[in-house]
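Listed below are the residues making up each chain.
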Amino acid sequence: MSTFGFTKQEALRHWNECLSEQTISKADLEYFKKRKSYEFDCFNACVMRKRGSINNGKIDVVKLLSTLRGMGLINNSRTQEQLQRCASVANKERNECFVAKNMLDCFFIK
């Protein structure tokens, strides 16, 4: 079975690798998520990098588009245009954590 274009095992492996790399626990992650912290942004950047959605510190629109299609979140040209617009804004950042934050905020919140 696939999760976001990856098998559940791959998705879980990415998640656990990022917890380890960021040296945070699951409890820490929940704490950071609630506070919308920089650590949470960096965790998201790590997962996005492992999935290929961030490459060389920037959003890879083609890969992210493929991943989001697998999630059922890209279903029309308007949504695809929004993704490209958000990636364009996010990719202005130099810090990968801010790239991930701005991408997710733009696409999922705005």
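As shown above, the structure is provided for reference.
A quick note: this is a predicted structure, and the numbers were derived from the prediction, not measured. Counting restarts for each chain: residues are numbered from 1 in the order of the written sequence. Residues qualify for local features only when their pLDDT is at least 70, as the model is predicted, and side-chain atom pairs are given and counted only at 80 or more; totals for whole chains, interfaces and linings, by contrast, use all residues. Values reported for side chains reflect all heavy atoms of the structure, with hydrogen atoms and water molecules removed beforehand.

Colleague: Describe the nonpolar core, listing the residues and the values that go with them.
Modeller: Joining through side-chain atoms within 4.5 Å is the link that ties buried Ala, Val, Leu, Ile, Met, Phe, Trp, Tyr and Cys residues into a set, and such a set is a nonpolar core. Per-residue accessibility, obtained with a 1.4 Å probe over protein chains only, is compared with the maximum for each type, and a residue is labelled buried under 20%, exposed over 50%, and partly exposed between these values. Ile54, Ile59, Leu83, Met103 and Phe107 are the most contacted members of the largest nonpolar core, which totals 17 residues. Taken together, the elements giving at least two residues each to this core come down to helix H3 (38-50), helix H4 (61-70), helix H5 (77-90) and helix H6 (96-109). If one sorts the elements of this core by residue count, H6 sits on top with five residues. Here a strand is any run of E in DSSP of at least two residues, a helix any run of H or I of at least four, and the numbering for each starts at the N terminus.

Colleague: So what's going on with the state of the cysteines? Residues and values would help.
Modeller: Counting rule for disulfides: a pair of cysteine sulfur atoms within 2.5 Å. What the rule picks out here adds up to three disulfides. The disulfide partner of Cys42 is Cys97, and the gap between their sulfur atoms is 2.0 Å. Disulfide Cys42 to Cys97: torsion about the S-S bond roughly 110 degrees, handedness right-handed. One end of the pair, Cys42, is in helix H3; the other, Cys97, is in helix H6, with 55 residues separating them in the sequence. A relative accessible area of 10% places Cys42 in the buried class.

Colleague: Tell me about H6, and name the residues and values.
Modeller: Here H6 is 14 residues long and its end C-alpha atoms lie 19 Å apart, about the 20 Å a rise of 1.5 Å per residue gives. Every buried residue of H6 is listed here: Cys97, Val99, Ala100, Met103, Cys106 and Phe107. Whether two residues are in contact is decided by their heavy atoms: any pair within 4.5 Å suffices. For H6, the secondary structure elements touched by its buried residues are H3, strand E3 (54-55), strand E4 (58-59), H4 and H5. A side-chain oxygen of the first residue of H6 lies 2.7 Å from the backbone nitrogen of Cys97; this N-cap is Asn95. The span expected for a helix works out to 1.5 Å for each residue beyond the first. In protein, a polar contact requires one atom able to donate a hydrogen and another able to accept it; more generally it is a pair of N or O atoms within 3.5 Å, and residues adjacent in sequence count only if both atoms are side-chain atoms.

Colleague: Break down the packing of helix H1 (residues 8-21) against H3 for me, citing the residues and quoting the values.
Modeller: Here, axes are lines fitted to C-alpha atoms. For helices the fit covers the stretch in contact, and angles between N-to-C directions go from 0 to 180 degrees. Packing of H1 against H3 leaves a shortest axis separation of 9 Å and a crossing angle of 135 degrees. Judged by the inter-axis angle, H1 sits oblique to H3. Helix-helix and strand crossings are classified by hand; for H1 and H3 the assignment is right-handed. Facing His14, Trp15, Glu17, Cys18, Leu19 and Glu21 of H1, the residues of H3 in contact are Phe43, Cys46, Val47, Arg49 and Lys50. Each residue belonging to the contact of H1 with H3 can be placed in one class, and the counts come to six nonpolar, one polar and four charged. Throughout, the term roughly parallel applies to angles under 35 degrees, roughly antiparallel to angles over 145, roughly perpendicular to angles from 65 to 115, and oblique to all others. We call a crossing left-handed when the near helix sits turned anticlockwise from the far one by less than a right angle, and right-handed when that turn is clockwise. Amino acids are sorted into nonpolar (Ala, Val, Leu, Ile, Met, Phe, Trp, Tyr, Cys and Pro), charged (Asp, Glu, Lys and Arg) and polar (every other residue, Gly among them).

Colleague: Now, about the pattern of salt bridges: what can you tell me, with residues and values included?
Modeller: One side-chain nitrogen of Lys or Arg within 4 Å of one carboxyl oxygen of Asp or Glu is enough to make a salt bridge. Under the counting rule described, the total for this entry stands at six salt bridges. The closest approach of N and O atoms between Glu21 and Arg49, which form a salt bridge, is 3.6 Å. With a gap of 28 residues between them, Glu21 in helix H1 and Arg49 in helix H3 connect regions that are remote in the sequence. A relative accessible area of 33% means that Arg49 is categorised as partly exposed. Here Lys50 makes a salt bridge to Glu21, at a shortest N to O gap of 2.7 Å. Within this pair, whereas Lys50 is found in helix H3, its partner Glu21 is found in helix H1, the two being separated by 29 residues in sequence. Overall, Lys50 belongs to the partly exposed group, its relative accessible area being 26%. One salt-bridge network, held together by shared partners, links Arg13, Glu17, Glu21, Arg49, Lys50 and Glu96.

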